[in-house]
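Chain residues, written in single-letter form:
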Amino acid sequence: MDKIWMHHPRLSDSYQEGVNFFLDFAFKNARIKNYGYTKWVLHGETSSHATQNVDTPSDTHESNYTIDMQGVIYDAIGHSIGDDECEIENDNLQGEGDEPNTKAKEFYNLIKDAEKELYPGCTSFTKLSFVIQLFHIKCICGWLDKSFGKVLDLFKKALPKGETLPNSFYEAKKLINALGLDLEKIDACLKDCMLYRKEHANDTECEVCSTPRSEAKVLRHFPLIPRLQRLFMSSKTSDFMTWHYKQDRTSDGCMRHPSDSPAWMTFDHNHKDFAADPRNVKLGLASDGMNPFKTLSVSHSTWPVILIPYNLPPWMCMKQPNFIMSLLIPGPDAPGNNIDVYLKPLIEELKELWEVVVETFDESSKKNFNMRASLLWTISDFPAYANLSG
Ligand SMILES: [Zn+2]
């Protein structure tokens with residue numbers, strides 16, 4: 001197919017003709033079974049990339065999700081760390097670039113270790129990719145920690161000598177936590193009055209309604225700061241974190257990204273010190289109730305709180321792998337106006353990211369910088385909007 005029109009100005013006749021020709025072609029061929037966005041076989045695209053980031057039929061969902069999971073992890077890690085370290089060392093020899101800060105260094109060292117082959121001569125798995133996929137099976141099938149350890153034991157016996165698998169579930173979990181995928185579990189009053197944090201860590205009952213702590217629900221909190229730092233430490237994403245500021249993107253008055261909006265521009269005008277560094281992160285927050293048990297319990301309402309990093313270009317910031325899960329507010333009942341109780345850990349992080357700078361290693365410039373972040377707006381339906389505002 002002639003694709004030269006893609007490089008013409010978007011308002012030109014040749015571009016519009018190209019789009020129309022393409023749409024005619026696509027709809028004509030859409031009648032062919034299995035020809036859709038996922039398989040551009042008539043377009044010469046057969047790579048696995050074409051099957052990522054799309055809804056897949058339920059019978060293949062699980063295997064695609066497994067592949068995607070690995071993709072997500074590799075997005076987080078970026079690339080072969082060995083090459084990267086050489087670059088950093090060369091930069092330093094030339095007197096340019098910073099040493100990664102201690103946390104970044106720890107992370108890179110860990111990844112270097114995790115990128116070892118699964119056993120001598122193994123080309124299909126690294127230690128890390130194997131552990132992550134096994135851990136993923138554990139999660140979707142609900143294995144106990146103990147059974148995960150036993151399967152690890154079995155693999156250690158079955159694999160050739162010199163295998164690099166972790167020795168226990170604890171070691172495997174440490175590896176995964178170090179990727180920044182760890183979470184904090186916080187007890188919450190059954191009636192959503194309070195969290196048992198800090199000065200309430202040893203309380204045995206709710207100070208508002210006296211419900212015993214033994215009946216507490218568990219809030220899952222996924223620390224935000226390391227996740228934002230990870231976006232800068234990965235070569236896959238760090239360069240894109242200033243996309244909204246880049247001069248070479250289309251500017252024709254149409255809104256293609258939140259950064260084209262009056263709200264964004266007003267924010268930048270009012271907070272010039274924040275806007276001065278385009279790496280500072282601008283976030284959106286979305287939340288709504290969902291039932292994780294499908295039909296098993298109709299009334300159950302769990303509330304995930306999701307952050308969207310708007311620094312990324314439109315084709316990345318609205319993709320699931322780049323969403324940041326901040327909180328998982330437990331059911332069975334929706335938190336209602338008490339959602340503010342659960343938002344506290346996130347609000348504290350956002351305050352820290354606004355008032356205090358967080359030293360972060362930027363892979364694209366090989367320099368440490370002081371990262372800040374701000375929350376621009378929330379995305380919800382009207383009932384949830386009322387709760388979030390309350
Ligand atoms: Zn209470």
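Before reading further, recall that the structure is shown in the block above.
Described below are features of the structure shown in this document. Everything quoted here is computed from the prediction, not taken from an experiment. (Residues numbered from 1 in each chain as written. Predicted model: local features only at pLDDT ≥ 70, side-chain atom pairs only at ≥ 80, totals over all residues. Heavy atoms only, no water.)

## Regarding the overall build of the protein
Here is step 1: The secondary structure content of the protein amounts to 13 helices and eight strands.
Here is step 2: Classification of the 390 residues of the protein by burial places 38% in the buried group.
Here is step 3: Counted over contacts in the protein with a minimum sequence separation of 6, partners at least 24 positions apart contribute 60%.
Here is step 4: Here the protein has roughly 22400 Å² of accessible surface; of this, 55% comes from carbon and sulfur atoms. (Helix = DSSP H or I, 4+ residues; strand = E, 2+ residues; numbered from the N terminus. Buried < 20%, exposed > 50% of the residue type's maximum accessible area, 1.4 Å probe, protein only. Contact = heavy atoms within 4.5 Å. Areas by Shrake-Rupley, 256 points an atom, 1.4 Å probe, with all protein chains shown as cover.)

## A few points about unusual backbone geometry
Here is step 1: Cis geometry is adopted by the peptide bond preceding proline 332, which originates at glycine 331 and carries an omega value of 5°.
Here is step 2: Looking at where proline 332 falls in the secondary structure, it is placed in the loop between strand 5 (324-329) and helix 12 (339-355).
Here is step 3: Unusually for a residue other than glycine, serine 210 sits at a positive phi of about 60°.
Here is step 4: Summarising the element assignment, serine 210 is placed in the loop between strand 1 (184-188) and strand 2 (217-221).
Here is step 5: The residue lysine 366 is not glycine, and still its phi comes out positive at about 55°.

## Re the coordination of the zinc ion
Here is step 1: For the zinc ion, every protein donor is listed as Cys189 (SG), Cys193 (SG), Cys206 (SG) and Cys209 (SG), and the spread of their distances is 2.2 to 2.3 Å.
Here is step 2: Coordination geometry of the zinc ion: the four donor atoms subtend angles of 106 to 111° at the metal centre, consistent with an arrangement described as tetrahedral.
Here is step 3: Sequence positions of the donors to the zinc ion reduce to the motif C-x3-C-x12-C-x2-C. Linking cysteine 193 in the loop between strand 1 and strand 2 with cysteine 209 in the loop between strand 1 and strand 2, this pair joins segments that are 16 residues apart in sequence. (Donors = N, O, S within 2.8 Å, 3.2 Å for Na, K, Ca; no water. Tetrahedral: all angles 85-135°; square planar, octahedral: opposite > 155°, others 65-115°.)

## Some details on the state of the cysteines
Here is step 1: Per the counting criterion, the structure on display carries zero disulfides.
Here is step 2: Just so you know, cysteine 139 is unpaired, no disulfide at all, and the nearest cysteine sulfur is the one on cysteine 141, 9.5 Å from it.
Here is step 3: On the basis of relative accessibility, which here comes to 46%, the residue cysteine 141 falls in the partly exposed class. (Disulfide = S-S within 2.5 Å.)

## Structural notes on the environment of phenylalanine 267
Here is step 1: Relative to the elements of secondary structure, phenylalanine 267 occurs in helix 9 (residues 262-270).
Here is step 2: The spatial distance from the C-alpha of phenylalanine 267 to the C-alpha of serine 374 is 10.0 Å, given a sequence separation of 107 residues.
Here is step 3: Those residues within four positions of phenylalanine 267 in sequence are excluded, and the remaining contacts are Phe274, Lys282, Trp354, Ser374 and Leu376.

## Points about helix 13 (residues 382-389)
Here is step 1: Along helix 13, the positions that sit buried rather than exposed are Ala384, Asn387 and Leu388. Mapping the buried residues of helix 13 onto a view down its axis gives an arc of 95°, with all of them on the same face. With respect to the buried face of helix 13, the exposed residues turned more than 90 degrees away are Phe382 and Ser389.
Here is step 2: Against strand 3 (281-287), strand 4 (303-309), helix 12 and strand 8 (373-379) lie the buried residues of helix 13.
Here is step 3: By the N-cap criterion, in which a side-chain oxygen at the helix start approaches the backbone nitrogen of a residue two or three places on, helix 13 is capped by aspartate 381, the distance to alanine 384 being 3.0 Å. (Arc of directions from axis to C-beta. Polar contact = N/O pair within 3.5 Å; in protein donor to acceptor, adjacent residues only side chain to side chain.)

## Here's the deal with the pairing of strand 4
Here is step 1: For strand 4, a buried count of six out of seven residues is recorded, marking the element as mostly surrounded by other parts of the structure.
Here is step 2: With five bridges joining them, strand 3 and strand 4 adopt antiparallel strand pairing. In the sheet register, leucine 285 faces strand 4, and the bridge partner there is leucine 307.
Here is step 3: As judged from the five bridges shared by strand 4 and strand 5, these two strands associate in the antiparallel manner. Each bridged residue has a counterpart across the sheet, and for leucine 307 the counterpart in strand 5 is isoleucine 324. (Pairing = 2+ DSSP bridges.)

## Details of the sheet that holds strand 1
Here is step 1: As summarised here, the arrangement of the six strands in space is 1-2-5-4-3-8, forming an open sheet in which the pairing is mixed. The open sheet has two edge strands with one neighbour each: strand 1 and strand 8. Neighbour to neighbour, the strand axes of the sheet diverge by 25° on average, direction disregarded.
Here is step 2: Pairing analysis gives five bridges linking strand 1 to strand 2, with the strands arranged antiparallel. Counted as the bridge partner of aspartate 187 is valine 218 from strand 2.
Here is step 3: Contacts from helix 9 reach strand 3 and strand 8 within the one sheet, and its direction differs from that of strand 8 by about 150°.
Here is step 4: Strand contacts of helix 12: strand 1, strand 2, strand 3, strand 4, strand 5 and strand 8, with the helix running at about 150° to strand 5, the strand carrying the most contacts. (Axes fitted to C-alpha atoms, helices over the stretch in contact; angles between N-to-C directions.)

## Regarding the packing of aromatic side chains
Geometrically, a pair of aromatic rings is defined through the distance of the ring centres and the angle of the planes.
Here is step 1: What the rule picks out here adds up to 13 aromatic pairs.
Here is step 2: On the basis of an interplanar angle of 90° and a centroid distance of 5.3 Å, the ring pair of phenylalanine 125 and phenylalanine 130 is categorised as edge-to-face.
Here is step 3: Overall, the relative accessible area of 27% leaves phenylalanine 125 in the partly exposed class.
Here is step 4: Taking relative accessible area as the criterion, phenylalanine 130 reaches 11% and is therefore assigned buried. (Phe/Tyr/Trp six-rings, centres within 6.5 Å; stacked < 30°, edge-to-face > 60°.)

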